[in-house]
Amino acid sequence: MNTPPSPPGAERTDESAVQIGALVPLSRPGWVQAGQHLLAGLELAVREVNDAGGIVGRPLELVVRDTAADPERAAAAVDELARLGVAALAGEYHSVVARAAAARADALGLPFLCSSAVLDALTEQPTEWVARLAPAQSHGWRIYAEFLLGAGHTRIAVAAQSSVYWASGARILRDYLAPRGGTVIELDMGALAPTAVCDELVDNRATALLLLVGHPEPAVSIVKSVRHDERLAEILIGAPAGQPEFAEWATLLGDDGAAIPFLRYLPERLSPLGARVETALRERLTEAPSFVAFEGYDTVTVLAEVLRSHGADRARIAEAWPRVAVEGTRGQIQFSRTPGISVWQWAWTPIQVVDRDPAEPDRLRILHAG
């Protein structure tokens, strides 16, 4: 007798498996390379957990859903994964998407360990169901503002698109810089062409331009316009959100993409665990792993430890967040309540400001550590 084909989207699952739902941007307009790195870290850790005997003898299984940077699609995926019976959710890179997923997970009583999204207000109200590995935006971006002041920049233009995430970033920068003599000049990229940005920078006497815009566009076009304008030879271009982290940036911009500082969530020196994982991730990705891949690996490492210790019951997983103490690739991971943050927060992962070395664009230089 022939078995009928599975309907589209059906999961072939091991009925004894403990399932984790994984939210990842794997298609445009999502940041696909970030999604691929996040998924590589998640998958590597799942493989290692299973090689070591799984969750008390049961295999661990990822059920992956592509969010494509769409908050509604992510919320629908959370509903579907909850119905499928996953023990917990993991992942997501884009902050506005993670916010939609977190709200839905909170409403459904589904534990969600957010890997990469940094928006402070991941949920409107404090929640017991959501924990986060990435540092809150207010923490990381203040360190970036500290770096700008230390480098002598007080007139800072931000080329910003309309989004909660970019608006939050601009506010954090302004709140830190204004009391210290800094000025933030906002350039509305809904109204300006990349070439028009150059005139605005000259007129406002800005010494730094920060890219609070999507990747690859309009970020790439803005960088090319500024780099090729002789009036702006001395200006610093920065990208606190991390656009230059991925190899695609160097491919699209070449030498123009170097010396653009961005935030990266890695320690100056990896632990033996971190170094081993870096080697394995490099093999899996066939390129240097970004910090996002480490975030994926650490997410599963934490969830596996919670599942082993507390079982797969959703309420018990959520109750375990404050008791977590797990060695991750970037340090000891523990969650706490942090003022102004609505979720259980790892406070704090190591943070660096780095750029690509103009002499060797594949090499990253550490400029500042927080």
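Cut-offs applied
Residues numbered from 1 in each chain as written. Predicted model: local features only at pLDDT ≥ 70, side-chain atom pairs only at ≥ 80, totals over all residues. Heavy atoms only, no water. Pairing = 2+ DSSP bridges. Helix = DSSP H or I, 4+ residues; strand = E, 2+ residues; numbered from the N terminus. Contact = heavy atoms within 4.5 Å. Axes fitted to C-alpha atoms, helices over the stretch in contact; angles between N-to-C directions. Expected span 1.5 Å × (residues − 1). Buried < 20%, exposed > 50% of the residue type's maximum accessible area, 1.4 Å probe, protein only. Core = buried A, V, L, I, M, F, W, Y, C linked by side-chain atoms within 4.5 Å. Right-handed = clockwise from strand over helix to strand, strands pointing away. Parallel < 35°, antiparallel > 145°, perpendicular 65-115°, else oblique. Left-handed = near helix turned anticlockwise from the far one by under 90°. Nonpolar A, V, L, I, M, F, W, Y, C, P; charged D, E, K, R; others polar.

Chemist: Any chance you could explain the sheet that holds strand E2 (residues 60–66) here in plain terms?
Modeler: Sheets are built from strands paired through backbone hydrogen bonds, the pairs being either parallel or antiparallel. Read from one edge to the other, the open sheet built from seven strands follows the order E2-E1-E3-E4-E5-E14-E13, with strand pairing classed as mixed. Looking at which strands have only one partner, the edges of the open sheet turn out to be E2 and strand E13 (335–336). Inspection of the sheet shows strand E3 (residues 88–91) paired to strand E4 (residues 112–114) by three bridges, in the parallel sense. The residue bridging Leu89 from the neighbouring strand is Phe112, located in E4. The sheet strands contacting helix H3 (residues 95–108) are strand E1 (18–24), E3, E4 and strand E5 (130–132), and the helix crosses E4 at an angle near 160 degrees. Along the sheet, helix H10 (residues 291–310) contacts E1, E2, E3, E4 and E13; its crossing angle with E3, the most-contacted strand, is approximately 160 degrees.

Chemist: Explain helix H1 (residues 32–51) to me, please; I cannot follow it from the model alone.
Modeler: Given 3.6 residues to a turn, an α-helix orients residues that are three or four positions apart in the same direction. Spanning 20 residues, H1 covers 28 Å between terminal C-alpha atoms, matching the ideal 28 Å at 1.5 Å per step. Burial analysis of H1 places 15 of its 20 residues in the buried class, the great majority of the element. Gly53 lies just past H1 and shows a positive phi near 110 degrees.

Chemist: Explain the sheet that holds strand E10 (residues 262–264) here, please?
Modeler: Here three strands make up an open sheet; going across it, the order is E10-E15-E16 and the pairing antiparallel. The open sheet has two free edges, formed respectively by E10 and strand E16 (360–369), since each of these has just one partner strand. Averaged over all pairs of adjacent strands, the angle between their axes in this sheet comes to 45 degrees, without regard to strand direction. As judged from the three bridges shared by E10 and strand E15 (residues 352–357), these two strands associate in the antiparallel manner. Across the sheet, Leu263 pairs through a bridge with Val353, a residue of E15.

Chemist: Please clarify how helix H7 (residues 219–227) should be interpreted in this entry.
Modeler: Inspection of H7 places Ala219, Val220, Ile222, Val223, Ser225 and Val226 among the buried residues, and these make up the whole buried set. For H7, the secondary structure elements touched by its buried residues are strand E6 (155–160), helix H6 (194–203), strand E8 (208–212), strand E9 (236–238) and helix H8 (247–253).

Chemist: Sorry, what's going on with the nonpolar core here?
Modeler: Across soluble globular proteins, nonpolar side chains have a tendency to be buried as a group. Leu42, Leu60, Trp141, Trp321 and Phe335 are the most contacted members of the largest nonpolar core, which has 80 residues in total. The element that contributes the greatest number of residues to this core is H10, accounting for 11 residues. Those residues in contact with Trp141 that lie beyond four places of it in its chain are Tyr165, Trp166, Gly169, Ala170, Ile172, Leu173, Leu212, Pro240, Ala241 and Leu263. Ala157, Ala219, Val220 and Val226 belong to the second largest nonpolar core, which has 24 residues in total.

Chemist: I tried to follow the pairing of E8 on my own but got confused; where do I start?
Modeler: For a regular strand, side-chain orientation follows a simple rule: the groups alternate between the two sheet faces. By the criterion of burial, E8 is predominantly enclosed, with five of the five residues buried. Neither face of E8 is open: one carries Ala208, Leu210 and Leu212, the other Leu209 and Leu211, and all of them are buried. Of the pairings in the sheet, the one linking E6 to E8 comprises five bridges and is parallel in character. Along E8, the bridge assignment pairs Ile156 with Ala208. Both E8 and E9 contribute to a ladder of three bridges, which runs parallel. Looking across to E9, one finds that Leu210 is bridged to Gly238. Between the parallel pair E8 and E9, the chain is carried across by H7, and the sense of this crossover is right-handed.

Chemist: I would appreciate a short explanation of the packing of helix H4 (residues 137–150) against helix H5 (residues 164–177) in the present structure.
Modeler: Any two packed helices are characterised by the angle at which their axes cross and by the distance between the axes. In contact at an axis separation of 9 Å, H4 and H5 are set at 50 degrees when each is read in the N-to-C sense. One finds that H4 runs oblique with respect to H5. Seen from above, H4 lies across H5 with right-handed handedness. Here H4 contributes Gln137, Ser138, Trp141, Arg142, Ala145, Glu146 and Leu149 to the contact with H5, which in turn contributes Tyr165, Trp166, Ser168, Gly169, Ala170, Ile172, Leu173, Tyr176 and Leu177. The class makeup of the residues in the contact of H4 with H5 is 10 nonpolar, four polar and two charged.

Read these as geometric descriptors, not functional statements.
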